[in-house]
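Geometric and topological summary
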Amino acid sequence: MDFKLKIWRQKNREDKGRFVAYEVKNISPDASFLEMLDVLNTELVKKGEEPVAFDHDCREGICGSCGMVIGGRMHGPGKGSATCELRMRVFKDGDTIVVEPWRAKPFPVIKDLVVDRTALDRIMQAGGYISAKTGAVPEANAIPVPKPYAEEAMDAAACIGCGACVAACPNSSAMLFVAAKVSHLALLPQGKIERTERVLRMIEQMDEEGFGNCSNSYACEAECPKKISVTHIARLNREFLRAEVT
Amino acid sequence: MTLESKTPGGPIEKKWQTHRFNLKLVNPANKRKYTVIVVGTGLAGASAAASLGELGYNVLTFSYHESPRRAHSIAAQGGINAPKNYANDGDSVYRLFYDTVKGGDYRAREANVYRLAEVSGSIIDQCVAQGVPFARDYSGYLDNRSFGGAQVSRTFYARGQTGQQLLLGAYSALSRQIQAGTVKFFQRREMLDVVLVDGQARGIVVRDLVTGAIETYAANGVVLATGGYGNLFYLSTMAKASNATAIWRAHKKGAAFGNPCFTQIHPTCIPQSGEYQSKLTLMSESLRNDGRIWVPKKKGDTRRPESIPEEERDYYLERIYPSFGNLVPRDVASRRAKEMCDNGFGVGPTGRAVYLDFADAINRLGKHVIEERYGNLFDMYHEISAEDPYKVPMRIYPAVHYTMGGLWVDYNLMSTIPGLFVVGEANFSDHGANRLGASALMQGLADGYFILPYTIGDYLATAKFPPAKAEDPSFKQAQGEVEAMVKKLISIQGKRTAEEFHKELGRIMWEYVGMGRNKEGLQKALTMIPRLREEFWQDLKVVGSANDLNAELEKAGRVADFLELGELVAHDALHREESCGGHFREEHQTEEGEAKRNDKEFSYVAAWEFAGVGKHPILNKEPLTFEYVKPSERSYK
Ligand code: SF4
Ligand code: FES
């Protein structure tokens, strides 16, 4: 398959950036989107040009490194997959594909398609954990968890921290990301003890990082590669209200 | 070089307890005066850094990723072992110990393996307390499943994302310590050398991957938790950035490399489909619990799998190994798959695949049960292959997945460089010649949560530390060497990319140092690798600058190291005139095609010493003795 690409190139944080047009030919429909970019990059390097920088690592949809806006969609067309899982067979031969980095103020561009998502780490550091010191814990089966709760906690815990929800949101809100963690821990008996402080501190940090508010557009859920449900945002709101009154 | 394993005496069940008591302690008030560097934030690194931070040490942790949570442990699917005996099926610490020593084909240190089994229960306790959402049954208690190489149900799991959930647990503990100020995290930094002062590891040299700055950091001890070297083969299930640079450069500075030829080929991966392919995707071997492996009985049968009747299928693992069936260990399953394909029974467009069929399990248990157990794996397979595994059997083929070899460490997890500790997959320790399923996560977390925090304390409490600062000449010198290498890589300005050299090296390794090895092939590899390395240093092309985010430059440095490590792996494979675990020498097999060990001559750890690039490495041996699990032919029949 052949494609025309319009890719965002930006030298560094300060550079203004612009779209550059490229063409790739003879791409297998079974190739992944990133493998198609590999082909382009090899050609660029051969010509002595700088390849397109993008974050990636596991290439199986679990590490959360990859992420770009492809044809206006986070992680490209289709539902429930990260950029690295996207296969070229979903495009039509001859398509023009526009590729951009996540666009959100709290995620400054480092180079080309690589953005800085450390704001998400700082939110986690503010309270996204249960304070269980190594060794100072009870026997595992001393904490039974009803299966439905464990399952729902797992649904939330599947978040890969890619930031697509933020990029998809008109307000650059990180609510889905924060909700996934708050919900995961609030559903478990182990997480109940620190629930008040946790939600307050995470929300405070989220605001401090410059993420916007949730206005219920639900673009986050639609673009999340792990199909994290907005019902977790509802739980986050309940947790937050509960914390504010206590 | 002398290898002192420091294995404590006494009965095996008491060794770790006694040893722990004998370890010197650092006075709590003094802990923050000690700086410990931890490189890598996977399971081993994150758990070590978090635990050391909790103890009060001043911890500096480094990753080439933007966030600690991106480390490759995140991709582990299947599960983590612990002999809790929740299934009441007769499991015990001793049985896990026994299974692991046997599974490793009697090439691991008994005392280490026993300790691993002993602390594994605490890992589950720890992870549950952190909020890891392990699978549970309807009572609310933890659920278990069985895994290759074991006849008991001792594997804890979180859907097909166990590695992710355990890593996020360790990451949360690490985040808590970063917040508390005991751990400082340095993102997008790649370690390019270790700095020795008077023979002790006292710091590291890193490159800031965004600005290109070469920086040095000083400490009292350095911990490498940098993972395995499976990407040596180019195509593997490893993440793209996984590399051997940290351990290789430490090796060149004096750390012995243990059993480099013990590499693991995982039996259930999605087969390669084209030249453009950048990596292979693993399907957790937990699938072998419910999936049945088969090939057509007729050679070159091109019918669709569903139109091949039952009696014309060869469920070869069930046929050859009636008691373990589809659950034989990885090395056995991989070799048999290769053999089937070599003999012309392979399926799919390339003929390099076998079927993994769930039709029976779906009939027996219902689709929803299979979906609950393996839903995300099935989705992943569907996405990649465009085939629905609920309807057609999966096609699978073995791929490089894990490296049992790594830097040699003593019982305290310290390498042959004083002050340089190595944890997780980066060390050679507990898996011998073959790792059992669901044991990697166990080892990484055992090292990081429950072993290293004690043993490093003993070193810090007893070693002498002359002042060492990042401005000292020894640091400046190491920094200068790294800068020179970076400059050299950029200045060659040849024609071939690092990726092309990597692919070429991968082909040599897979062909001659892969699943089946023989003398002739290994010798061939030993002439081809140095030649390729020479071409690399003459014809490499790296574009862009050294003062910028430059993936080409990063790759080039890693490939340069692989080109040296590959030779060591081939040397080790050539010298080990026996077959054991993942190391299969075609000259040494039984009449039935099983691996034939040579305990008389090779019951030792080969700990190689670096002698210079292109020079024959120096072999040191740590003899292995088996007091408890007597070596026997590993039989899974
Ligand atoms: S909630 Fe979804 S989109 Fe947001 S970071 Fe997590 S996985 Fe990515
Ligand atoms: S590269 Fe890891 S999620 Fe895409």
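1. Comments concerning the overall build of chain A
- Secondary structure assignment for chain A yields nine helices and seven strands.
- With the principal axes as the frame, chain A shows a C-alpha extent of 60 × 35 × 35 Å.
- Residue burial in chain A is summarised as follows: out of 246 residues, 60% are buried.
- A separation of at least 24 residues holds for 69% of the contacts in chain A among residues at least 6 apart in sequence.
- When the accessible surface of chain A is totalled, it reaches about 9600 Å², and 51% of it is carbon and sulfur.
- Seen as two clouds, the 33 positive and the 34 negative side-chain charges of chain A have centres 2 Å apart.

2. Thoughts on the environment of Arg 352 of chain B
Residue and element names in this part refer to chain B.
- Relative to the helices and strands, Arg 352 is located in the loop between α8 (330–342) and β14 (354–357).
- For Arg 352, a relative accessible area of 29% puts it in the partly exposed group.
- Taking C-alpha positions, Arg 352 is 45 Å from Ser 51, a pair spaced 301 residues apart along the chain.
- Residue contacts for Arg 352: discarding those within four places in its chain leaves Pro 271, Lys 338, Cys 341, Asp 342, Val 347 and Tyr 397.

3. Re the domain arrangement of chain A
Residue and element names in this part refer to chain A.
- By domain assignment, chain A separates into domain 1 (3–111) and domain 2 (118–245).
- Domain 1 and domain 2 are separated by 29 Å when their C-alpha centres are compared.
- On the domain 2 side, the residues contacting the 19 residues of domain 1 number 20 residues.
- Across the domain 1/domain 2 interface, buried area totals approximately 1400 Å², and carbon plus sulfur atoms make up 60% of it.
- Contact with domain 2 buries area across many residues of domain 1, yet Met 74, Pro 106 and Phe 107 alone supply 37% of it, more than any other trio.
- For the pair domain 1 and domain 2, the interface holds one salt bridge.
- For Arg 73, the salt bridge is made with Glu 223, and the minimal N-O distance between the two is 2.9 Å.

4. What to know about the sheet that holds β14 of chain B
Residue and element names in this part refer to chain B.
- Taken in spatial order, the five strands make up an open sheet running β11-β15-β14-β12-β13, and their pairing is antiparallel. The sheet is open, and its two borders are formed by β11 (263–269) and β13 (313–314), each paired with just one other strand.
- Across the sheet, α8 lies against β11, β12 (292–296), β13, β14 and β15 (394–403), angled at about 65° from β11, the strand it touches most.

5. What to know about the pattern of salt bridges
Residue and element names in this part refer to chain B.
- Evaluated as defined, the whole model comprises 70 salt bridges over all chains.
- Of the charged contacts, one joins Asp 99 and Arg 154 as a salt bridge, the two residues approaching to 3.0 Å between their closest N and O atoms. Pair noted here: Asp 99 is in helix α3 (residues 93–103) and Arg 154 is in the loop between α4 (110–130) and β4 (155–156), with a separation of 55 residues, a long-range link. Of the two residues examined, Asp 99 and Arg 154, each falls in the buried class.

6. Digging into the sheet that holds strand β3 (residues 69–70) of chain A
Residues and elements named next belong to chain A.
- Sheet architecture is open: five strands sit in the order β2-β1-β5-β3-β4, paired in mixed fashion. Unpaired on one side and paired on the other, β2 (18–24) and β4 (73–74) mark the two borders of the sheet.
- Bridge analysis of strand β1 (residues 3–9) against β2 gives seven bridges, and the strand direction is antiparallel. Bridge assignment links Leu 5 to a residue of β2, and that residue is Tyr 22.
- On top of the sheet, helix α1 (residues 33–46) reaches β1, β2, β3 and β5 (96–100); it is set at about 95° to β2, its chief contact.

7. Examining the state of the cysteines
- Evaluation of the coordinates by the stated rule reveals zero disulfides over all chains.
- Distance from the sulfur of Cys 220 of chain A, which forms no disulfide, to the nearest cysteine sulfur (Cys 214 of chain A) is 6.4 Å.

8. As for the nonpolar core
Residue and element names in this part refer to chain B.
- Membership of the largest hydrophobic core comes to 204 residues, with the highest contact counts inside it found for Ile 80, Phe 134, Leu 224 and Leu 565.
- Considering every element that reaches this core, the biggest residue donor is helix α15 (residues 551–575), with 12 residues.
- If we ignore the near neighbours within four places in the chain, the residues touching Leu 565 are Tyr 229, Leu 232, Ala 244, Trp 248 and Phe 257.
- In terms of nonpolar packing, the next biggest core, distinct from the first, is built from 34 residues, Tyr 316, Ile 320, Ala 333 and Phe 378 among them.

9. Thoughts on the site of ligand 1
Residue and element names in this part refer to chain A.
- The environment of ligand 1 is formed by Cys 159, Ile 160, Gly 161, Cys 162, Gly 163, Ala 164, Cys 165, Leu 176, Phe 177, Cys 224, Pro 225 and Ile 228.
- Counting residues per element, the ones that place at least two in the shell around ligand 1 are α4 (164–168) and α5 (175–186).
- The residue inventory of the shell around ligand 1, partitioned by class, reads 10 nonpolar, two polar and no charged.

10. Looking at the pairing of strand β18 (residues 604–609) of chain B
Residue and element names in this part refer to chain B.
- Within β18, five of the six residues are buried, leaving the element largely enclosed by the surrounding structure.
- Bridge analysis of strand β10 (residues 257–258) against β18 gives two bridges, and the strand direction is antiparallel. Across the sheet, Gly 258 pairs through a bridge with Ala 607, a residue of β18.
- Where β18 lies against strand β19 (residues 618–623), six bridges are found, and the strand directions are antiparallel. Along β19, the bridge assignment pairs Ala 606 with Lys 621.

11. Some words on unusual backbone geometry
Residues and elements named next belong to chain B.
- The phi angle at Asn 85 is positive, at roughly 60°, despite the residue not being glycine.
- In this fold, Asn 85 is placed in the loop between β3 (80–81) and α3.
- By relative accessible area, Asn 85 is classed as partly exposed at 28%.
- Even without glycine at this site, Leu 413 takes up a positive phi of about 70°.
- Among the structural elements, Leu 413 can be located in the loop between β16 (406–407) and β17 (420–422).
- By relative accessible area, Leu 413 is classed as buried at 0%.

12. With respect to the domain arrangement of chain B
Residues and elements named next belong to chain B.
- In terms of domain boundaries, chain B breaks down into domain 1 (15–262 + 404–462), domain 2 (267–400) and domain 3 (473–598).
- The C-alpha-based centres of domain 2 and domain 3 are spaced at 31 Å.
- The interface is formed by 10 residues belonging to domain 2 together with 10 residues belonging to domain 3.
- Counting the contacts that link domain 2 with domain 3 gives one salt bridge.
- Put simply, the parts of the chain that give the side of domain 2 that touches domain 3 at least two residues each are α8 and β15.
- No other element matches the six residues that α8 contributes to the side of domain 2 that touches domain 3.

Parameters and conventions
Residues numbered from 1 in each chain as written. Chains lettered and ligands numbered in written order. Predicted model: local features only at pLDDT ≥ 70, side-chain atom pairs only at ≥ 80, totals over all residues. Heavy atoms only, no water. Helix = DSSP H or I, 4+ residues; strand = E, 2+ residues; numbered from the N terminus. Buried < 20%, exposed > 50% of the residue type's maximum accessible area, 1.4 Å probe, protein only. Contact = heavy atoms within 4.5 Å. Areas by Shrake-Rupley, 256 points an atom, 1.4 Å probe, with all protein chains shown as cover. Lys, Arg positive; Asp, Glu negative; His and termini not counted. Charge placed at Lys NZ, Arg CZ, Asp CG, Glu CD. Domains from an automatic or database assignment. Buried area = accessible area lost by both parts, 1.4 Å probe. Salt bridge = Lys/Arg side-chain N within 4 Å of Asp/Glu carboxyl O. Pairing = 2+ DSSP bridges. Axes fitted to C-alpha atoms, helices over the stretch in contact; angles between N-to-C directions. Disulfide = S-S within 2.5 Å. Core = buried A, V, L, I, M, F, W, Y, C linked by side-chain atoms within 4.5 Å. Near = heavy atom within 4 Å. Nonpolar A, V, L, I, M, F, W, Y, C, P; charged D, E, K, R; others polar.

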